[in-house]
Amino acid sequence: MTKLPNVSGRKCVKTLEKMGFYFKRQEGSHIILRRNDPFCQVVVPDHKELDRGTLRAILRQASISIEEFLEQL
């Protein structure tokens with residue numbers, strides 16, 4: 001299993017935007033991103049450093065492998 005890097009919430013958002021997601025709205029420190037085809041919506045907390053479990057859950061919800069995420073990072 002590939003080790004997840006330490007990334008901030010903003011860096012995660014920028015990487016997901018490269019992969020087809022777009023900014024939908026923000027509620028407090030939570031950024032909501034959406035992809036239309038195939039439909040998917042994820043919530044990314046705007047923290048200085050995302051917990052690895054949180055990042056893994058975001059990638060799982062978005063159906064993105066760790067390797068794909070690392071290539072775009």
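Residues numbered from 1 in each chain as written. Predicted model: local features only at pLDDT ≥ 70, side-chain atom pairs only at ≥ 80, totals over all residues. Heavy atoms only, no water.

(A) Quick peek at the pattern of salt bridges. Under the defined criterion, the tally for this structure stands at two salt bridges. Among the salt bridges present, the one from Asp-46 reaches Arg-10, with a minimum N-O distance of 2.9 Å. Within this pair, whereas Asp-46 is found in the loop between β3 (40-45) and α2 (52-61), its partner Arg-10 is found in helix α1 (residues 9-18), the two being separated by 36 residues in sequence. Assessed through its relative accessible area of 26%, Asp-46 is described here as partly exposed. Residue Glu-27 pairs with Arg-25 through a salt bridge whose shortest N-O separation is 3.0 Å. (Salt bridge = Lys/Arg side-chain N within 4 Å of Asp/Glu carboxyl O. Helix = DSSP H or I, 4+ residues; strand = E, 2+ residues; numbered from the N terminus. Buried < 20%, exposed > 50% of the residue type's maximum accessible area, 1.4 Å probe, protein only.)

(B) Region of the structure containing the nonpolar core. Counting 19 residues, the largest nonpolar core has Cys-12, Leu-16, Phe-21, Leu-33, Val-42, Val-44 and Leu-55 as its most contacted members. Mapped by element, the contributors of at least two residues to this core are α1, β2 (30-35), β3, α2 and α3 (66-72). Ignoring any residue separated from it by four or fewer positions in sequence, one finds Val-42 in contact with Leu-16, Phe-21, Ile-31, Ile-32, Leu-33, Ile-58, Gln-61 and Ala-62. (Core = buried A, V, L, I, M, F, W, Y, C linked by side-chain atoms within 4.5 Å. Contact = heavy atoms within 4.5 Å.)

(C) Representation of α1 in the model. Restricting attention to buried positions, one finds in α1 the residues Gly-9, Cys-12, Val-13, Thr-15 and Leu-16. Taken end-on, α1 shows its buried residues confined to a sector of 165 degrees, consistent with a single buried face. Along α1, exposed side chains directed more than 90 degrees from the buried face belong to Lys-14 and Lys-18. In this structure, the buried side of α1 is in contact with β2, β3, α2 and α3. Within two residues after α1, Gly-20 carries a phi angle of roughly 110 degrees, on the positive side. (Arc of directions from axis to C-beta.)

(D) Structural view of unusual backbone geometry. Going from Asp-37 to Pro-38, the amide bond is cis rather than trans, its omega being -5 degrees. Note on placement: Pro-38 falls in the loop between β2 and β3. If you check the backbone angles, Ser-63 has positive phi at about 55 degrees while not being a glycine. Topologically, Ser-63 is positioned in the loop between α2 and α3. Overall, Ser-63 belongs to the exposed group, its relative accessible area being 60%.

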